[in-house]
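Per-entry structural report
Given next are the chains, with one letter for each unit.
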Amino acid sequence: MPKIKLSQRTIEIVKEICSTFENNEGELINVLHEAQHKLGYLPAEVQELIANELNMSVAKVYGVVTFYSFFNMIPQGEFPISVCMGTACYVRGAEQILHEIKRQLNIEVGQSTPDGKFSLNCLRCVGACGLAPVVMVGEKVYGRVAPQQIRKIIAEYQEGCVRPERHEM
Amino acid sequence: MADYKMHLLVCGGTGCKASESEQIRDNLLAEVENHDLTDEVQVVMTGCFGFCEKGPIVKVLPDNTFYVQVKPEDAVTIVEEHLVKGRQVNHLLYRDPENDKPVSDSKHMDFYKKQVRIALRNCGFINPENIDEYIARDGYAALAKCLSEQTPQEVIDEIKRSGQRGRGGGGFPTGLKWEITSKSVADQKYVVCNADEGDPGAFMDRSILEGDPHSVIEAMAICGYCTGSSKGLVYIRAEYPLAIQRLKTAITQAREYGLLGEKIFGTPFCFDITLRYGAGAFVCGEETALIHSMEGLRGEPTFKPPFPSESGYLGKPTTVNNVETLASIPVIINKGAGFFSSIGTEKSKGTKVFALAGKINNVGLIEVPMGTTLREVIFDIGGGIKGGKKFKAVQTGGPSGGCLTNSFLDTPIDYDNLISAGSMMGSGGMIVMDEDDCMVSIAKFYLEFTLDESCGKCTPCRIGNKRLFEMLDKITKGLGNEEDLTRLRTLCKVIKDTSLCGLGQTSPNPILSTLDNFFDEYLAHVRDHKCPAGQCKSLVKYTINNDKCTGCTLCFRNCPVGAITGEKRSPHYIDNSICIKCGVCYDKCKFDAVSVS
């Protein structure tokens, strides 16, 4: 992965997050949550900085980031698409939905489209099992999705949408 | 709630919210205002009603009218017809599937008739963001009773007498767990609420936290009093933003009312709660892994003993209880152990919440007495199988459980019966499958989950499950042989016996139970290289029967890849080199002309 240079502002943000948790090693997961929330993802450079601030090894931070599926080390698409792969959705055809999205966007799970618009992920149960199968685009939940609807859903986001507010690295 | 003549309750659970229930509430509010009824009618957003299949739901009190599948634009009709003119809105009423007659009162619906709601007592009744509504329904009375009238040991004895067992899946007696922590000596002890509901297809805990967060807070304080802990922690999934927000609101309100903090009810007892966020790791439902995760580490389990009750969070004695377990505690204290233990079977007392999902008519959240049979749950409450298909299996216990067949339908549900049937209670996910589901694929699906979620610490789980998955993958691709089945079974046993924690010890269960109950299906895959349910893509082929096809072009129009060709009113044809086997044509065809082979 190419090295990125963190801007002064990003460094300040990360340091501030660490200090709100009193630079306490035990708060690592909370720090990571907060950092990802503000920055969108957790590149190696941010992890190094956090390790430094909390006075722990980078290996430990990296170990935690890679252990939990909620943390991302690569930037997410402008519109992250998540297909629910909970059992209820699975038995109601989530696999076909996933297949169709992959086919339309021409990406695999965990990847983003080259223009950075969409990224695709699976998640475990949104808890809207009554609406199975469920697809989420950003925060919006689409229920009872059929493979034929995918084209329409993606088209909703293809153009003219506002970029979600997020701090640039 | 006394000042208003009528209340409109709008479901604010995740499912209904996804179907615009917030818009419904806003529209109702606006309409109520338009008709100058704001002093008489209160619009409340509640927690989950449970009947997710028919959501969004709007309930009118006091007459208990239950409107289903409400759309934002229906708000006008509800207010004009029901509130102003006093006439029920017929087309929004639930219809009995047997005779198509409208049923207005939820008490008379099959879905609710057999339910007994203890943990879910307030879900769908109160506004979870208003502590006064919880207090109006005996909220915090149990905590007051414990602090002012009972010693910690007396409370523990009461819980023990109630026979309550942990609802997170393990089924360990709650009272005993509390007693062990209370007897451990330390300068600091902790109460932990395990709200890391990772079981795919289960949403019990989330619904309780969203619909009745105060019951969990109250129970944690009671536990703190019993065990001598002044600090409580809720370990909650970051994927549950609504539950987190409601819990935070509830904690703030409880602090303002002096129900959390210093000197609660004027007694020396101090207790406060903070939140810890999970980050998407199923293994963190295991208590030692959960504790490590709360300490900011990788959520890897460690060997027990020592149990958390003796050495847990930061090495201090810690009681870890599941959300549903806690939500029932205030009822046990208020109504007495006798009330709770009068419900259920000999060894499993009280009620259990299940998330009913899959190929069933009434998807939703239900709470039934222990000892209710699977048949009652699936056919009476659940309304049977979707689309009139045949029941095939019900999966309980999530990735750690097993699939139960027809022959277990009349088994009363309790911890021990489910284990002897080859499954387990688990946290309460119940997924129903019909004749179209391939059991080998289901086993593979669960294994893929465990594989993904294995923390990698112990070899049997990390490597063994990978090998199991490869074998299943081979079988579903038609490349397996009969020896693979023997090998599967042997490896399953080894993993069960040698894994470190509950995740690994139970991960082979979905395979073992399907091998036991659906051996024929495995044989068909390895011997004849066929998938009887027509689900394994490598083994199926879709064709159109010329005699049955009317050329209606429905399949042609719906095929996502353009694999179907044909003229209007003449038989169509599927090009198998293009077909992605999505099955849309099969589902759409009204003339049964598409067949799977």
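The rules behind each value
- Residues numbered from 1 in each chain as written.
- Chains lettered and ligands numbered in written order.
- Predicted model: local features only at pLDDT ≥ 70, side-chain atom pairs only at ≥ 80, totals over all residues.
- Heavy atoms only, no water.
- Axes fitted to C-alpha atoms, helices over the stretch in contact; angles between N-to-C directions.
- Helix = DSSP H or I, 4+ residues; strand = E, 2+ residues; numbered from the N terminus.
- Parallel < 35°, antiparallel > 145°, perpendicular 65-115°, else oblique.
- Left-handed = near helix turned anticlockwise from the far one by under 90°.
- Contact = heavy atoms within 4.5 Å.
- Nonpolar A, V, L, I, M, F, W, Y, C, P; charged D, E, K, R; others polar.
- Salt bridge = Lys/Arg side-chain N within 4 Å of Asp/Glu carboxyl O.
- Buried < 20%, exposed > 50% of the residue type's maximum accessible area, 1.4 Å probe, protein only.
- Pairing = 2+ DSSP bridges.
- Buried area = accessible area lost by both parts, 1.4 Å probe.
- Polar contact = N/O pair within 3.5 Å; in protein donor to acceptor, adjacent residues only side chain to side chain.
- Disulfide = S-S within 2.5 Å.
- Phe/Tyr/Trp six-rings, centres within 6.5 Å; stacked < 30°, edge-to-face > 60°.
- Domains from an automatic or database assignment.

All names here are of chain A. Remark: helix 1 (residues 8-20) packs on helix 2 (residues 28-39), axes separated minimally by 9 Å, with the N-to-C direction vectors making an angle of 150°. Put simply, helix 1 runs roughly antiparallel to helix 2. Regarding helix 1 and helix 2, the two cross each other, and that crossing is right-handed. Between helix 1 and helix 2, the contacting residues are T10, I13, V14, I17 and C18 on the first element and V31, E34, A35, K38 and L39 on the second. Taken together, the residues of the contact of helix 1 with helix 2 sort by class into seven nonpolar, one polar and two charged.

A word on the pattern of salt bridges. The full count for this structure, using the stated rule, is 46 salt bridges over all chains. Here E81 of chain B ties to K85 of chain B by a salt bridge, and the two come within 3.5 Å at their closest N and O atoms. Placement of the pair is E81 of chain B and K85 of chain B together in helix 3 (residues 74-85), with a separation of four residues, close to one helical turn. R487 of chain B is paired through a salt bridge with D484 of chain B; the nearest N and O atoms lie 3.2 Å apart. Remark: D484 of chain B and R487 of chain B occur in helix 19 (residues 482-498); sequence separation between them is three residues, near one turn of the helix. By relative accessible area, D484 of chain B is classed as buried at 0%. Overlapping salt bridges, with partners in common, bring together R92 and R144 of chain A together with E53 and K386 of chain B in one network.

Below, the discussion takes up the sheet that holds strand 13 (residues 391-396) of chain B. Remark on secondary structure: sheet strands pair via backbone hydrogen bonds, oriented parallel or antiparallel. All names here are of chain B. If you walk across this open sheet you meet the five strands as 12-11-15-13-14, and the pairing is mixed. Either end of the sheet is taken by a strand with one partner, and the two such strands are strand 12 (364-369) and strand 14 (402-404). Between one strand axis and the next, the sheet turns through 30° on average, direction left out of account. Where strand 11 (residues 351-358) lies against strand 15 (residues 429-434), four bridges are found, and the strand directions are parallel. Looking at strand 15, one finds that G358 is bridged to V432.

Moving on to the interface of chain B and chain A. Each partner contributes to the interface: chain B provides 58 residues, whereas chain A provides 39 residues. At the boundary of chain B with chain A, total buried surface from both sides reaches about 3,700 Å², with 58% on carbon and sulfur atoms. Area buried by chain B at its contact with chain A is led by A279, R298 and F445 of chain B, which between them contribute 16% of it. On the surface where chain B and chain A come into contact, there are three salt bridges. For E53 of chain B, the salt bridge is made with R144 of chain A, and the minimal N-O distance between the two is 3.7 Å. Linking chain B with chain A are 17 residue pairs in polar contact (both at pLDDT 80 or more). Elements with a minimum of two residues in the side of chain B that touches chain A: helix 1 (14-18), strand 8 (231-237), strand 9 (272-278), helix 12 (287-294), strand 11, strand 15, helix 17 (439-453) and helix 24 (584-588) of chain B. Here the side of chain B that touches chain A takes eight residues from helix 17 of chain B, the largest share from any one element. Classifying every residue of the side of chain B that touches chain A gives 30 nonpolar, twelve polar and 16 charged.

This next bit is on the state of the cysteines. Counting across every chain of the model gives zero disulfides over all chains. Free cysteine: C48 of chain B, not disulfide-bonded; nearest cysteine sulfur from C52 of chain B at 4.0 Å.

This part takes up the sheet that holds strand 3 (residues 58-61) of chain B. All names here are of chain B. Across the sheet, which stays open at both edges, the four strands sit in the order 2-1-3-4 with mixed pairing between neighbours. Two strands close off the open sheet at either side, each with one partner strand: strand 2 (41-46) and strand 4 (65-67). Each neighbouring strand pair of the sheet contributes to a mean axis angle of 20°, computed without reference to strand direction. Both strand 1 (residues 6-11) and strand 2 contribute to a ladder of six bridges, which runs parallel.

Here we take up the packing of aromatic side chains. Each pair of aromatic rings is reported with the distance of its centres and the angle of its planes. Residue and element names in this part refer to chain B. All chains considered together, the criterion is met by 20 aromatic pairs over all chains. Ring plane angle 65° and centroid distance 6.1 Å describe the contact between F379 and F391, whose orientation is recorded as edge-to-face. Pair noted here: F379 is in helix 15 (residues 374-381) and F391 is in strand 13, with a separation of twelve residues, a long-range link. Both rings, one in F445 and one in Y446, keep their centres 5.3 Å apart while their planes meet at 70°; by these two values the pair is edge-to-face. We note that F445, like Y446, is buried.

Here we come to the domain arrangement of chain A. By domain assignment, chain A separates into domain 1 (8-67) and domain 2 (79-158). Put simply, the middle of domain 1 of chain A and the middle of domain 2 of chain A, counted by C-alpha atoms, are 30 Å apart.

Residue and element names in this part refer to chain B. Structurally, K474 is set in helix 18 (residues 459-476). Using a relative accessible area of 30% as the deciding quantity, one classes K474 as partly exposed. Taking the C-alpha atoms as reference points, K474 and R117, separated by 357 residues in sequence, lie 45 Å from one another. With residues up to four places along the chain from it excluded, the contact list for K474 reads L479, G480 and D484.

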